[in-house]
4 protein chains.
Amino acid sequence: MMTYESITRKRIETNRRILDAAKDVFAESGFAGARIDEIALRAGVNKATIYYHIGNKKTLYTETIHGVLEKTVEKIALAIGKSSTPEEKLCCYIRTIARTIDDNPQMAPIILREMASGTHHIPDIIPMDMVQIIGMLSEILEEGVQKGVFVNTMPAIVHLMIIGSLLFYKAGENIRRQHRELSLAFNESDSENPSKFISGVEKLIIRAVAGHSEFSRRGSPSEQNGAEE
Amino acid sequence: MMTYESITRKRIETNRRILDAAKDVFAESGFAGARIDEIALRAGVNKATIYYHIGNKKTLYTETIHGVLEKTVEKIALAIGKSSTPEEKLCCYIRTIARTIDDNPQMAPIILREMASGTHHIPDIIPMDMVQIIGMLSEILEEGVQKGVFVNTMPAIVHLMIIGSLLFYKAGENIRRQHRELSLAFNESDSENPSKFISGVEKLIIRAVAGHSEFSRRGSPSEQNGAEE
Amino acid sequence: MMTYESITRKRIETNRRILDAAKDVFAESGFAGARIDEIALRAGVNKATIYYHIGNKKTLYTETIHGVLEKTVEKIALAIGKSSTPEEKLCCYIRTIARTIDDNPQMAPIILREMASGTHHIPDIIPMDMVQIIGMLSEILEEGVQKGVFVNTMPAIVHLMIIGSLLFYKAGENIRRQHRELSLAFNESDSENPSKFISGVEKLIIRAVAGHSEFSRRGSPSEQNGAEE
Amino acid sequence: MMTYESITRKRIETNRRILDAAKDVFAESGFAGARIDEIALRAGVNKATIYYHIGNKKTLYTETIHGVLEKTVEKIALAIGKSSTPEEKLCCYIRTIARTIDDNPQMAPIILREMASGTHHIPDIIPMDMVQIIGMLSEILEEGVQKGVFVNTMPAIVHLMIIGSLLFYKAGENIRRQHRELSLAFNESDSENPSKFISGVEKLIIRAVAGHSEFSRRGSPSEQNGAEE
DNA sequence: AATGAATGAGAATTCATTCAT
DNA sequence: TATGAATGAATTCTCATTCAT
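It should be emphasised that the depicted structure is a prediction, and the values quoted were computed from it without experimental measurement. (Residues numbered from 1 in each chain as written. Chains lettered and ligands numbered in written order. Predicted model: local features only at pLDDT ≥ 70, side-chain atom pairs only at ≥ 80, totals over all residues. Heavy atoms only, no water.)

1. A closer look at the overall build of chain A
- The secondary structure content of chain A amounts to 12 helices and zero strands.
- Ordered by position from the N terminus, the helices and strands of chain A form the series α-α-α-α-α-α-α-α-α-α-α-α.
- Considering chain A as a whole, with its 229 residues, one finds that 57% of them fall into the buried category.
- In chain A, once contacts between residues fewer than 6 apart in sequence are set aside, the share between residues at least 24 apart is 70%.
- Of the accessible surface of chain A, which amounts to about 10,300 Å², a share of 53% is contributed by carbon and sulfur atoms. (Helix = DSSP H or I, 4+ residues; strand = E, 2+ residues; numbered from the N terminus. Buried < 20%, exposed > 50% of the residue type's maximum accessible area, 1.4 Å probe, protein only. Contact = heavy atoms within 4.5 Å. Areas by Shrake-Rupley, 256 points an atom, 1.4 Å probe, with all protein chains shown as cover.)

2. Re the protein's contact with DNA strand F
- Lining the immediate surroundings of DNA strand F are 36 residues, of which Tyr52 of chain A together with Arg11, Asn46, Thr49 and His53 of chain C lie closest.
- The sugar-phosphate share of atoms of DNA strand F within 4 Å of the protein amounts to 68%.
- Between Lys57 of chain B and DNA strand F, the recorded distance is 3.1 Å, taken from a backbone N or O atom to a phosphate oxygen.
- In the environment of DNA strand F, a phosphate oxygen lies 2.8 Å from a nitrogen or oxygen atom belonging to the side chain of Tyr52 of chain C.
- Of all the secondary structure elements, the ones that give two or more residues to the surface near DNA strand F are helix H1 (4-33) and helix H3 (47-53) of chain A, helix H2 (36-43) and helix H3 (47-53) of chain B, helix H1 (3-33) and helix H3 (47-53) of chain C together with helix H3 (47-53) of chain D.
- No other element matches the five residues that H3 of chain A contributes to the surface near DNA strand F.
- Within the surface near DNA strand F, the residues separate by chemical class into 14 nonpolar, 11 polar and 11 charged. (Near = heavy atom within 4 Å. Polar contact = N/O pair within 3.5 Å; in protein donor to acceptor, adjacent residues only side chain to side chain. Nonpolar A, V, L, I, M, F, W, Y, C, P; charged D, E, K, R; others polar.)

3. Thoughts on the protein's contact with DNA strand E
- Lining the immediate surroundings of DNA strand E are 37 residues, of which Arg11, Asn46 and His53 of chain B together with Tyr52 and His53 of chain D lie closest.
- Looking at DNA strand E alone, sugar and phosphate atoms form 68% of those within 4 Å of the protein.
- Between DNA strand E and Ile36 of chain C, the relevant distance is 3.2 Å, taken from a phosphate oxygen to a main-chain nitrogen or oxygen of the residue.
- The contact in question runs from a phosphate oxygen of DNA strand E to an N or O atom on the side chain of Asn46 of chain D, over 2.8 Å.
- Sorting the residues of the surface near DNA strand E by element identifies H3 of chain A, helix H1 (3-33) and H3 of chain B, H3 of chain C together with helix H1 (4-33) and H3 of chain D as the ones contributing at least two each.
- Broken down by class, the residue content of the surface near DNA strand E amounts to 15 nonpolar, 11 polar and 11 charged.

4. Considerations on the state of the cysteines
- Taken as a whole and assessed by the stated rule, the structure comprises zero disulfides over all chains.
- No disulfide involves Cys92 of chain A; its sulfur sits 7.6 Å from the nearest other cysteine sulfur, which is in Cys91 of chain A. (Disulfide = S-S within 2.5 Å.)

5. Points about helix H2 (residues 36-43) of chain D
Residues and elements named next belong to chain D.
- Every buried residue belonging to H2 is among Ile36, Ile39, Ala40 and Ala43, and all of these are buried. Down the axis of H2, the buried side of the element spans an arc of 100°, and every buried residue falls inside it.
- One or two positions beyond H2, positive phi appears at Gly44, with a value near 70°. (Arc of directions from axis to C-beta.)

6. As for the pattern of salt bridges
Residues and elements named next belong to chain C.
- Per the stated rule, a full pass over the model turns up 36 salt bridges over all chains.
- Ionic pairing is found between Arg16 and Glu13, a salt bridge with its closest N-O pair at 3.3 Å. Separated by three residues within a single helix, Arg16 and Glu13 lie in helix H1, roughly one turn from each other.
- Taking the relative accessible area as the measure of exposure, Arg16 reaches 41% and is therefore partly exposed.
- Classification of Glu13 as partly exposed rests on a relative accessible area of 34%. (Salt bridge = Lys/Arg side-chain N within 4 Å of Asp/Glu carboxyl O.)

7. What to know about the packing of aromatic side chains
- Applying the stated criterion to the full structure yields 18 aromatic pairs over all chains.
- Aromatic pair Phe26 of chain B and Tyr61 of chain B: ring centres 4.8 Å apart, planes at 80°, arrangement edge-to-face. Of this pair, Phe26 of chain B sits in helix H1 while Tyr61 of chain B is found in helix H4 (residues 57-81), placing the two residues 35 residues apart along the sequence.
- Grouping aromatic residues by their ring pairs yields a cluster made of Phe26, Phe31 and Tyr61 of chain A.
- Positioned above the aromatic ring of Phe31 of chain A is the side chain of Lys57 of chain A, whose terminal nitrogen or guanidinium carbon lies 4.7 Å from the ring centre. (Phe/Tyr/Trp six-rings, centres within 6.5 Å; stacked < 30°, edge-to-face > 60°. Lys NZ or Arg CZ within 6 Å of the ring centre and 35° of its normal.)

8. Examining the nonpolar core
- Leu90 and Tyr93 of chain C together with Leu90, Tyr93 and Leu166 of chain D are the most contacted members of the largest nonpolar core, which has 135 residues in total.
- Other than its neighbours up to four places away in sequence, Leu166 of chain D contacts Ile94, Ile97, Ala98, Ile101, Phe197, Ile198 and Val201 of chain D.
- Residues Phe168, Leu204 and Ile206 of chain A together with Val45 of chain B belong to the second largest nonpolar core, which totals 132 residues. (Core = buried A, V, L, I, M, F, W, Y, C linked by side-chain atoms within 4.5 Å.)

Next up, the structure:
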């Protein structure tokens, strides 16, 4: 006879396996391309069990994505809290996002597709998660500007540069694995090392936002309506 | 009697309408989510006509994407050719990509999803197109390094930063339109102006790669194994 | 609770109904002409149920045909086993095939079409079934020759004569039903009686292969209502 | 400028090519399995040309089959006319049918399928052709009975034996080519030689219908390379 | 006389979801 | 709680046939 607790534990365990499998399949194939059959197969449960536990495909998708983003938000907040200077915080921000993306290979494709679809007709939770992540960067940059260590940039640009380069880098792994030519174009020998890539991003971003370069006073060589000052 | 020519013209015209409609639908819904019915409807042709002209969904997808990328490659090459200094070329590169992305609202979601899927099992043409685009940037950066105006960066990072921020910005338009909160997080008043955003990217990228800033000698505050020098 | 067993029984029952319906429809229309919709309708199941149980049209076809031939092989083997002399075995062989063809009105058209198509690209099971049937006749004829009661004939010819006449006779029923003229050409009054036809075939085949001219005057060892005199 | 005659000639030529291609394709795939596209391709004409010349698929099928059978009727009648005794006529009948079947590899599959389908919903011409062929045999057998050289058999049986064995033998060529096992079951070394097979059929049929047992020892009146002894 | 383009009416197959146990 | 069976509603793709030239 099962105790109440063991039943509950089993239920949680089944739920986890379903969401894990869903994460993989949605990452590989997107919402429309994912098959409930495939998710059930990988979760090792019957297809009907998914409906019993979750409800329907859309709900499954939402819960899956939210589960991924939620954890990321927590991790970044934690990491930033440990740093003191804006530069350190910025690096922490980049590195934590990078680590999370690297540890969760499903994140990159999922977010890329979410962006592509304009978060189609999915509940607000997912965009809300994204808002939080951007918000944390804005605070860091603002603090940097106030302390005089960062130039006054549009947080959106910086954020998109960071997220864009990291996500694309990660998503590109699969492509590079399949297409030798792309690897060569990327000069794989250098950039194939993830941590080297990440610190490269950190450095470039810091260079871009740091307050003391002479160049920033000269401005872009062509157009003068920049975002600066 | 100009039968032959008029037949050819008819075929080309129908083909164009199919590919145009396909571009829109694939951009909105991705490969798996797109419906041939919908494409036929928007193209104003019978569903079977698509099969008569193209063959099947996969081929239609490939031809559509290739059509989009091919033009981009041409435009960038043309724009770069008109510039002389590496800085100018880099700005041209960024601006041309930005313009193309802006003029072809289907590009951003399509490329984002292509990246996400790891170019699943699609013919090599599409990755080949991407290789060309990256290749052009690498040349610009190399020239800049040789002329002493750029620091020695990994082209991959720079490329991903540029492409990433531009694509995400564009793709984000749809999201921002739907989700007020995200707009605020992005401080829409500034960044909603595309040309302001683009020049912001240019400036940051130039700051990041430019050779003469003192900051670049100090490096990132945390790790020292950068990509530089 | 007999859940497991009742589920199994349900599956078997559904399977049987599908295969039965398929047998009819394939017999009437052949592989290309048969419609899955029609089979589902006659089986009283949803079209998708066929795919759930069987897989696809080709597999359904193969399983259907194999099911028909397999039973025939068993029946013939059983019938021959009960006889002792080669003449008896030969008559048993003919009569069992005839009965099977008569009881399974789907067999004649199915085999005819299989022959016509050269067993197109269907798994080896079907030709293998046919091989077994021919093999049994060869053994009978060989035994007859060794015992001196049969002349040395090519089994292939004898087999084709038997199978050919029986299948054509059966298949012809449909035609004769539709076309009065053919009935007259066949002198229906005599040959419309199947058992008369079958014993006629037996007698002629025995006459053709019998080694002693006396035998041919005695007639078939089992039934006496031959076609002769 | 084309003369009236050359236009007519061209039309006839096109018609012939269409019917020839149709014969092949219908033989290979049956009515339902045949594709107008494929016929047009093999005929070297545009698909629409077939509709312009013939009308529709059913008409094309009917004309094709009728063309095949019509010629056969003529040939058999001619051959029989040259013989005098019933035995000779019977052998001629068999041999002419065999030759026609052998020379027109499309006949066997086409007739087999026609039999299988019960001549579905096709105009009466085709069954009429068949009636004529059977009629000729009946006359031969009747004459033989009256002259005391044949026993009184059912013409239907004899006819089905002849047609059945010959058609199956021919149709079997394709199968035997594909399936080694069937070849062995047929003891190919003997029966692979068509003329040997045909004379074997003649001999067995004669043995089966011949009135005097002596005749059966003399063998077929024409060829001596039988299958016996 | 002939043909490339186009299409309507299917046909096979898929898939999220529900049902019965 | 969990599942094998079943299904309705698409969805991709096919094919005989027609149209315009």
